[in-house]
Amino acid sequence: RQQALELLQQQAGVGSILLPDTLAIVETLEEKALPADGQAGETLFLRLKVEFVVRYLAEEDVRRWAEMALDASLPVGFVPLNDSLSVQLSGAQVEESGVATCSLLLHRDLRRQWDALGLARLVRGRRPEEASSFLARQVALTSPPRVRLWPSWWPWLPFTEFRIAIKEGDQP
């Protein structure tokens, strides 16, 4: 049974979720017993070759459903972090009618959405070190902000916010 689930998981795909309670034998293709029927022996070895079937949730479908459900309750002013969605099967049942139901635990990390133009207004005219520490206090960042000036010898950020570009990540 465990080998069948592992093989079926590989066939379904890494992100797909198998519903283990739906695992069923479709057909016994081959059955060998050692020793054969009617012969004496201390230990019986039985080798079966069977065809299994299992229901599963395709990764693309689960991701789409999970994102729709989580987006519906997304707090105002927050955006999801890329590739932070995790899905875990917490329970599955198969009714007598053959309908399978399952419960999923969904988790996704969020970050506060920030207004680049508003932040530019707040740091305009400041020295680079002061602007960097101000941005670090105002916005939850994974790494300290970098402030680059052009020309590099100029001691202050521009006084007009449209000359200030605030970018996320390692963008140039």
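On a predicted model such as this, the values are computed, not experimentally measured, just so you know.

**Quick notes on the side chain of Ser-84**
Next, step 1: With respect to the helices and strands, the residue Ser-84 is situated in the loop between strand E3 (78–80) and strand E4 (86–94).
Next, step 2: Judged by its relative accessible area of 13%, Ser-84 falls in the buried class.
Next, step 3: Within the structure, the side chain of Ser-84 is placed 2.9 Å from the backbone oxygen of Leu-81, a separation counted as a polar contact.
Next, step 4: For Ser-84, the side chain forms a polar contact with the main-chain nitrogen of Asp-109, separated by 3.1 Å.

**Observations regarding the nonpolar core**
Next, step 1: Leu-119, Ala-120, Val-123, Ala-131, Phe-134, Leu-135, Val-139, Leu-149, Leu-157 and Ile-164 form the largest nonpolar core, which has 10 residues in total.
Next, step 2: Those elements giving two or more residues to this core turn out to be helix H3 (116–123) and helix H4 (128–138).
Next, step 3: Beyond its immediate chain neighbours, meaning those up to four positions away, Val-123 contacts Ala-131, Phe-134, Leu-135, Leu-157 and Ile-164.
Next, step 4: Leu-5, Leu-8, Leu-23 and Val-54 belong to the second-largest nonpolar core, a separate cluster that totals six residues.

**Let's talk about the environment of Ala-116**
Next, step 1: Structurally, the position occupied by Ala-116 is in helix H3.
Next, step 2: When the C-alpha positions of Ala-116 and Thr-43 are compared, they lie 74 Å apart, and in sequence the two are 73 residues distant.

**Structural notes on a nonpolar patch on the surface**
Next, step 1: Residues Trp-153, Trp-154, Trp-156 and Phe-159 make up a contiguous nonpolar surface patch of about 520 Å² in total accessible area.
Next, step 2: By secondary structure assignment, the location of Trp-156 is in the segment after H4.

**What to know about unusual backbone geometry**
Next, step 1: The step from Leu-34 to Pro-35 runs through a cis peptide bond, and the omega angle for that step is -10°.
Next, step 2: Looking at the secondary structure, you find Pro-35 in the loop between strand E1 (17–34) and strand E2 (45–57).
Next, step 3: The peptide bond linking Trp-150 to Pro-151 adopts the cis configuration, its omega dihedral lying at 0°.
Next, step 4: Following the sequence through the fold, Pro-151 ends up in the segment after H4.
Next, step 5: The phi dihedral of Asp-83 falls on the positive side, at around 55°, and the residue is not glycine.
Next, step 6: With respect to the element layout, Asp-83 can be found in the loop between E3 and E4.

**Here we look at the packing of aromatic side chains**
Next, step 1: According to the stated counting rule, one finds two aromatic pairs in the structure shown.
Next, step 2: A ring pair is formed by Trp-154 and Trp-156, whose centres lie 6.1 Å apart and whose planes are at 80°; its orientation type is edge-to-face.
Next, step 3: On the accessibility criterion, Trp-154 (38% relative accessible area) is partly exposed.

**Structural notes on the pattern of salt bridges**
Next, step 1: Scanning all chains against the criterion turns up six salt bridges.
Next, step 2: The residue Arg-126 makes a salt bridge to Glu-130 at a minimum N-O spacing of 3.5 Å.
Next, step 3: A relative accessible area of 41% means that Glu-130 is categorised as partly exposed.
Next, step 4: Overlapping salt bridges, with partners in common, bring together Arg-121, Arg-124 and Glu-161 in one network.

Analysis parameters
- Residues numbered from 1 in each chain as written.
- Predicted model: local features only at pLDDT ≥ 70, side-chain atom pairs only at ≥ 80, totals over all residues.
- Heavy atoms only, no water.
- Helix = DSSP H or I, 4+ residues; strand = E, 2+ residues; numbered from the N terminus.
- Buried < 20%, exposed > 50% of the residue type's maximum accessible area, 1.4 Å probe, protein only.
- Polar contact = N/O pair within 3.5 Å; in protein donor to acceptor, adjacent residues only side chain to side chain.
- Core = buried A, V, L, I, M, F, W, Y, C linked by side-chain atoms within 4.5 Å.
- Contact = heavy atoms within 4.5 Å.
- Patch = residues over 30% accessible without salt bridge, like charges linked within 9 Å, V, L, I, M, F, W, Y side chains within 5 Å.
- Areas by Shrake-Rupley, 256 points an atom, 1.4 Å probe, with all protein chains shown as cover.
- Salt bridge = Lys/Arg side-chain N within 4 Å of Asp/Glu carboxyl O.
- Phe/Tyr/Trp six-rings, centres within 6.5 Å; stacked < 30°, edge-to-face > 60°.

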